[in-house]
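Topology and contacts: notes
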Amino acid sequence: MKNYQNFRPIEILLVEDSPSDAHLTIREFSKAKIANNLHWVEDGETAMEYLRHEGEFTDAPRPDLILLDLNLPGMDGREVLEAVKLDADLKRIPIVILTTSNDEQDVLRSYNLNANCYVTKPIDIEQFINVVQLIKEFWLAAVLLPSD
């Protein structure tokens, strides 16, 4: 298995409009034993600018993994997921849906749009931290991510 720590940090894009959820996620990923750089944007439009290297993001690194909330202002996470998976240059980036929605239609639509994983955020802060730790352990330590 490829050990990313020997090569470069794993680049992660967090698309999350809740500052408290974002800060908890950032804190937990900063504790990872595997080097990673977590970049946070608060809405779908900014996420697409980041991914397309537009505006202030011309030098942004290509993410190895996207953590995507569905319920975003403006362009929501469903639209971001669809746009990424339809883009030939971006579609191989794994996307983990990390959202409060446990609606069956959201789950089905996300997987139909080729989400790689769907995780519901618990309301309890300790449970949320545990969920983030599980995502971190799985996606940073167990999964071989594409290199482009």
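Above this text sits the structure in question.
Now for a look at the structure at hand. (Residues numbered from 1 in each chain as written. Predicted model: local features only at pLDDT ≥ 70, side-chain atom pairs only at ≥ 80, totals over all residues. Heavy atoms only, no water.)

Side note on the sheet that holds strand 5 (residues 117–120)
Taken in spatial order, the five strands make up an open sheet running 2-1-3-4-5, and their pairing is parallel. Whereas interior strands pair on both sides, the edge strands pair on one side only; in this sheet they are strand 2 (36–41) and strand 5. Between one strand axis and the next, the sheet turns by 20° as a mean value, whatever way the strands run. Looking at chain direction, strand 3 (residues 65–68) and strand 4 (residues 95–99) are connected through three bridges and run parallel. Of the residues in strand 4, the one forming a bridge with Leu67 is Val96. Sitting on the sheet, helix 1 (residues 19–30) touches strand 1 (10–15), strand 2 and strand 3, and the angle it makes with strand 2 is about 175°. (Pairing = 2+ DSSP bridges. Helix = DSSP H or I, 4+ residues; strand = E, 2+ residues; numbered from the N terminus. Axes fitted to C-alpha atoms, helices over the stretch in contact; angles between N-to-C directions. Contact = heavy atoms within 4.5 Å.)

Let's talk about the environment of Thr100
Take Thr100: it is sitting in the loop between strand 4 and helix 4 (104–112). Expressed as a C-alpha distance, the spacing of Thr100 and Ile123, which sit 23 residues apart in the sequence, is 8.0 Å. Among all residues touching Thr100, those that are not within four sequence positions of it are Asp69, Asn71, Thr120 and Lys121.

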